[in-house]
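Chains, contacts and geometry: an overview
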Amino acid sequence: MGLISEIIFTLITLLSFGIFAQKILRIRHSILLGKTAELNDHPGQRWRNVILLALGQKKMFQKPIVAVLHLILYIGFIIINIELLEIIVDGVLGTHRIFSASMGGLYTFLINTFEILALLVTIACVVFLIRRNVIKLKRFISKDLEGWPRSDANYILIIEILLMSLFLLMNSADHEVSFMISKNFTPWLTANFDEEQLLLVEKTAWWLHIIGIYTFMNYLPYSKHLHIVLAFPNAYYAPLVPSGTLHNMPDIQNEVLYAMQPELAPANAAAPESFGAKEATELSWKNLMDAYSCSECGRCTDACPANSTGKLLSPRKIMMATRDRIETISKNIAVNKVFVPDGKTLLHDYITVEELRACTTCNACVQECPISISPLDIIIELRRSLVMEQSNAPQEWNSMFSNIENNFAPWKFSPDDRDAWTKA
Amino acid sequence: MKVLTMAEMMASGEQPEILFWVGCAGSFDQRAQKITKAFATILNKAGVKYAILGKEEACTGDPARRAGNEFMFQMMAYQNIQILNGYNIKKIVTTCPHCFNTLKNEYPVLGGNYDVIHHTQFLQELIEQGKIKFTDSNEWKGKTITYHDSCYLGRANEIYEAPRKVLESLDMELKEMKRCKSKGLCCGAGGAQMFKEEEKGEKRINTERAEEARARATDFVASACPFCNTMLSDGLKVAENQNDPAVLDIAEIVAQAIK
């Protein structure tokens, strides 16, 4: 029996990590379907952002209570997983708490720490479930989250609670050891179960705990929870310029330059393929990584002036739609080798013109995002396609464009009157 | 009002210490013209050697770019940079945060490198350097005011303190709205919204902001952007509340208190 369980464990472990690695590579591939963007300058400043924004969760602390609860989850998640090392070694070798003998007091200290964290994580998860389902915070009940996204958030919290409970139960049922939190349940267990049953409880909790962790790991790539991984690269590649800066379009800059100074135009200049983004693959890889990094917290939408006055635009939905679209494209490519058109595009089918038109480019969404996602960047790229590729602009904007072109001002005033104020 | 253009200055062989970029709103919009004049008055009184481009100034391209019309933006940028570089301009001050953002952040990559400051920053400097002196009994003293952060000054460029410092130097009592500084609520004009009807919704953005401003029950509302000024004034007007505060630009407030 012993050997069989070790083989089964080893196989499950290899399979779990294998599937996870494969999925992560698929996501990497999906992100790289985006257009190139050079974001490697000033590494010092970029590492600083990783430490402050991702590791230090600086922006989370704008809401201190939530930030502390979130920090507990995050620290708990990372630190308790150190215990995973022992669980895997035990599982493969068929040993029992292999590190306990050699580490002595330090072992007890570590497990005690894990147990305290496990309890705190459970409490934080319960509070978060209450916020989502009982208190019903505005940003958690909005229609952006209808269906899968709302369930996703709840599943994550419930799985975390289950994993933490199994970890504590496993320790409680093991009466060879005694740890700070779990020992409190041991008397109840010994009173109700005999030696053999206790061993079964411990073994079952152990197996369910590790299988739960593997399941959760493989659930990550399909979930908003992926942000625990992608927050780090996302902070690294965050823009370093003032947030009011829209990125330049060198193709158009050159077209204008060559129109004005034809002598500069190269003889064989290739015309650019398209302007802006109609499809997710026409966005930059950073836009796509933003989409996969989004934890759907809704701080952006909460701060959006258009959304809070009842317009259709929701920056969070922009991110979610982008992720949905690139996932669809990626799956399409996985099945067909190349992308086979499905009659849909990001612009129009996933994000509508009305949403795009409502944006005031106020940067509130960019400011609020704890992990440097820019919904605004995607909105602008889609607007560019809309106006330059499809000539799709409201009549008032077309008038504004022609006023700028003819009168050098967005209104229809004579350029000769530009300094009239000095005479009045 | 005597304001020299760059062309006039060059003709007399002089170079200004700073170029005043007036912007389209400041040039043509009747309400914004008052802000322009107020700022020019301050520059005159402070003895700043400045010039405007006059008829040679053109839209920076900001609304076109944000609406998605990059061609139009690049055309305007090309034209403006040719003129600015032609006059060898080094330093620019502007009363419009949109022009400020475009000139400061978006022109450099196109070959237009200038030291660009917003008028609230310039006013703060002039006050600190003692070049602007207020009358002892200036009418603002002790009056309450709330300051509306322009998105393109605040979040986009992190200028939160300069306008507030100017108001404090006038001994005004600043009462912040709940959403201020990095959390400031947009007036609704940015991203070329100024030039079109709002999308359908439950409420206008400027109405929402005007309500927040009104709730502070201050004597005045300060803005530092001609578009915010229009949006807030309109938002307050809609309610037609006789007791609503007037919306004034920082430059207008300073101009009235100056010796």
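Remember, predicted model here, so these are calculated numbers, not experimental data.

What counts, and where the lines are drawn
- Residues numbered from 1 in each chain as written.
- Chains lettered and ligands numbered in written order.
- Predicted model: local features only at pLDDT ≥ 70, side-chain atom pairs only at ≥ 80, totals over all residues.
- Helix = DSSP H or I, 4+ residues; strand = E, 2+ residues; numbered from the N terminus.
- Contact = placed C-beta atoms within 7 Å.
- Rg over C-alpha atoms; globule rule 2.2 N^0.38 Å.
- Buried ≥ 20, exposed ≤ 12 C-beta atoms within 10 Å, placed from the backbone.
- Domains from an automatic or database assignment.
- Nonpolar A, V, L, I, M, F, W, Y, C, P; charged D, E, K, R; others polar.
- Axes fitted to C-alpha atoms, helices over the stretch in contact; angles between N-to-C directions.
- Parallel < 35°, antiparallel > 145°, perpendicular 65-115°, else oblique.
- Left-handed = near helix turned anticlockwise from the far one by under 90°.
- Core = buried A, V, L, I, M, F, W, Y, C linked by C-beta atoms within 7 Å.
- Pairing = 2+ DSSP bridges.
- Expected span 1.5 Å × (residues − 1).
- Right-handed = clockwise from strand over helix to strand, strands pointing away.

**As for the overall build of chain A**
Scanning chain A for helices and strands turns up 21 helices and zero strands. Based on the C-alpha atoms only, the size of chain A along its principal axes is roughly 95 × 50 × 40 Å. Contacts in chain A between residues at least 24 apart in sequence constitute 77% of all its contacts with a sequence separation of at least 6.

**Regarding the overall build of chain B**
Per the secondary structure count, chain B includes eleven helices and eight strands. A globule of 259 residues ought to have a C-alpha radius of gyration of about 18 Å, and chain B, at 18 Å, matches this closely. On the principal axes, the C-alpha backbone points of chain B span a range of 50 × 50 × 30 Å. Within chain B, the proportion of its 259 residues that are buried is 57%. Look at the contacts in chain B between residues 6 or more apart in sequence, and 79% of them connect residues 24 or more apart.

**Considerations on the domain arrangement of chain B**
Residues and elements named next belong to chain B. Domain assignment breaks chain B into domain 1 (6–124) and domain 2 (134–257). Inter-centroid distance (C-alpha atoms) of domain 1 to domain 2 is 23 Å. Every contact between the two is made by 26 residues of domain 1 and, on the other side, 26 residues of domain 2. With eight residues, helix 3 (residues 30–45) is the largest single contributor of residues to the side of domain 1 that touches domain 2. Taken together, the residues of the side of domain 1 that touches domain 2 sort by class into twelve nonpolar, ten polar and four charged.

**Description of the packing of helix 7 (residues 119–128) of chain B against helix 8 (residues 161–169) of chain B**
Residue and element names in this part refer to chain B. Two elements in contact, helix 7 and helix 8, have axes separated by 8 Å at closest approach and are oriented at 45 degrees. The angle between helix 7 and helix 8 falls in the class oblique. Along this stretch, helix 7 crosses helix 8, giving a crossing that reads as left-handed. Each of Thr120, Gln121, Leu123, Gln124 and Ile127 in helix 7 lies in contact with helix 8, whose residues at this interface are Ala162, Pro163, Lys165, Val166 and Ser169. Here the residues of the contact of helix 7 with helix 8 sort into five nonpolar, four polar and one charged.

**As for the interface of chain A and chain B**
Counting residues at the interface gives 54 residues for chain A, matched by 57 residues for chain B. Mapped onto the side of chain A that touches chain B, the elements with two or more residues apiece are helix 12 (250–260), helix 18 (353–357), helix 19 (364–368), helix 20 (375–389) and helix 21 (395–407) of chain A. Here the side of chain A that touches chain B takes six residues from helix 21 of chain A, the largest share from any one element.

**Details of the nonpolar core**
In terms of nonpolar packing, the biggest core is built from 150 residues, with Ile404(A), Ile42(B), Met76(B), Leu232(B), Ala251(B) and Val254(B) touching the most fellow members. Ignoring any residue separated from it by four or fewer positions in sequence, one finds Ala251(B) in contact with Ile35(B), Ala38(B), Phe39(B), Ile42(B), Thr95(B), His119(B) and Leu123(B).

**Focus: the sheet that holds strand 3 (residues 91–94) of chain B**
Residue and element names in this part refer to chain B. Within the open sheet, the four strands sit side by side as 2-1-3-4. Their pairing is parallel. This sheet does not close on itself; its edge strands, each paired only once, are strand 2 (50–51) and strand 4 (115–118). Sitting on the sheet, helix 6 (residues 97–106) touches strand 1 (18–21), strand 3 and strand 4, and the angle it makes with strand 4 is about 160 degrees. Of the strands in this sheet, strand 3 and strand 4 are in contact with helix 7, which crosses strand 4 at around 85 degrees.

**So, the domain arrangement of chain A**
All names here are of chain A. Partitioning chain A into domains gives domain 1 (41–236) and domain 2 (250–415). The interface of domain 1 with domain 2 comprises 20 residues on the first partner and 18 residues on the second. Residue assignment for the side of domain 1 that touches domain 2 shows that the elements contributing at least two residues are helix 2 (43–55), helix 7 (138–141) and helix 11 (227–236). Among the residues forming the side of domain 1 that touches domain 2, the class breakdown is eleven nonpolar, four polar and five charged.

**Side note on helix 6 (residues 105–133) of chain A**
All names here are of chain A. Helix length check: helix 6 (29 residues) gives 42 Å between terminal C-alpha atoms against 42 Å at 1.5 Å per residue, within 8%. Within helix 6, the full set of buried residues consists of Ile111, Phe114, Glu115, Leu117, Ala118, Val121, Thr122, Ala124, Cys125 and Phe128. Where helix 6 is buried, its residues touch helix 3 (64–80), helix 4 (83–93) and helix 8 (148–173).

**Some details on the sheet that holds strand 7 (residues 220–223) of chain B**
All names here are of chain B. The four strands lie next to each other as 6-5-7-8, forming an open sheet whose pairing is parallel. Lying at the two open borders of the sheet, with one neighbouring strand each, are strand 6 (173–174) and strand 8 (246–249). Bridge count for strand 7 against strand 8 is four bridges, and the pairing is parallel. Across the sheet, the residue bridging to Val221 is Val247, located in strand 8.

**Examining unusual backbone geometry**
In this structure, Lys136(A) is a non-glycine residue whose phi angle is positive, near 55 degrees. Turning to its location among the elements, Lys136(A) is positioned in the loop between helix 6 and helix 7. One non-glycine residue with positive phi stands out, namely Ala217(B), at about 50 degrees.

**Side note on the packing of helix 12 of chain A against helix 5 (residues 70–86) of chain B**
The interhelical angle for the contact between helix 12 of chain A and helix 5 of chain B, taken along N-to-C directions, is 55 degrees, at an axis separation of 9 Å. It follows from the interaxial angle that helix 12 of chain A and helix 5 of chain B lie oblique. Along this stretch, helix 12 of chain A crosses helix 5 of chain B, giving a crossing that reads as right-handed. When helix 12 of chain A is examined against helix 5 of chain B, the residues Ile252(A), Gln253(A), Val256(A), Leu257(A) and Met260(A) are found in contact with a partner set consisting of Glu70(B), Phe71(B), Gln74(B), Met75(B) and Tyr78(B).

**Notes on the environment of Cys294(A)**
Looking at where Cys294(A) falls in the secondary structure, it is placed in the loop between helix 13 (285–293) and helix 14 (299–303). When neighbours within four sequence positions are excluded, Cys294(A) is seen to be in contact with Lys224(A), His227(A), Met319(A), Met320(A), Arg323(A) and Ile373(A).

**A short note on helix 1 (residues 2–31) of chain A**
Residues and elements named next belong to chain A. In this model helix 1 runs 44 Å from its N-terminal to its C-terminal C-alpha over 30 residues, within 8% of the 44 Å that 1.5 Å per residue would give. Phe9, Ile27, Ser30 and Ile31 are the residues of helix 1 that are buried. Taken together, the buried residues of helix 1 touch helix 4, helix 13 and helix 16 (315–336).

**Section: the pairing of strand 7 of chain B**
Residues and elements named next belong to chain B. As defined by bridge partners, strand 5 (residues 144–147) adjoins strand 7 across three bridges and the pair is classed as parallel. Across the sheet, residue Thr146 finds its bridge partner in strand 7, namely Val221. Each parallel crossover has a hand, and the one from strand 7 via helix 10 (residues 226–239) to strand 8 is right-handed.

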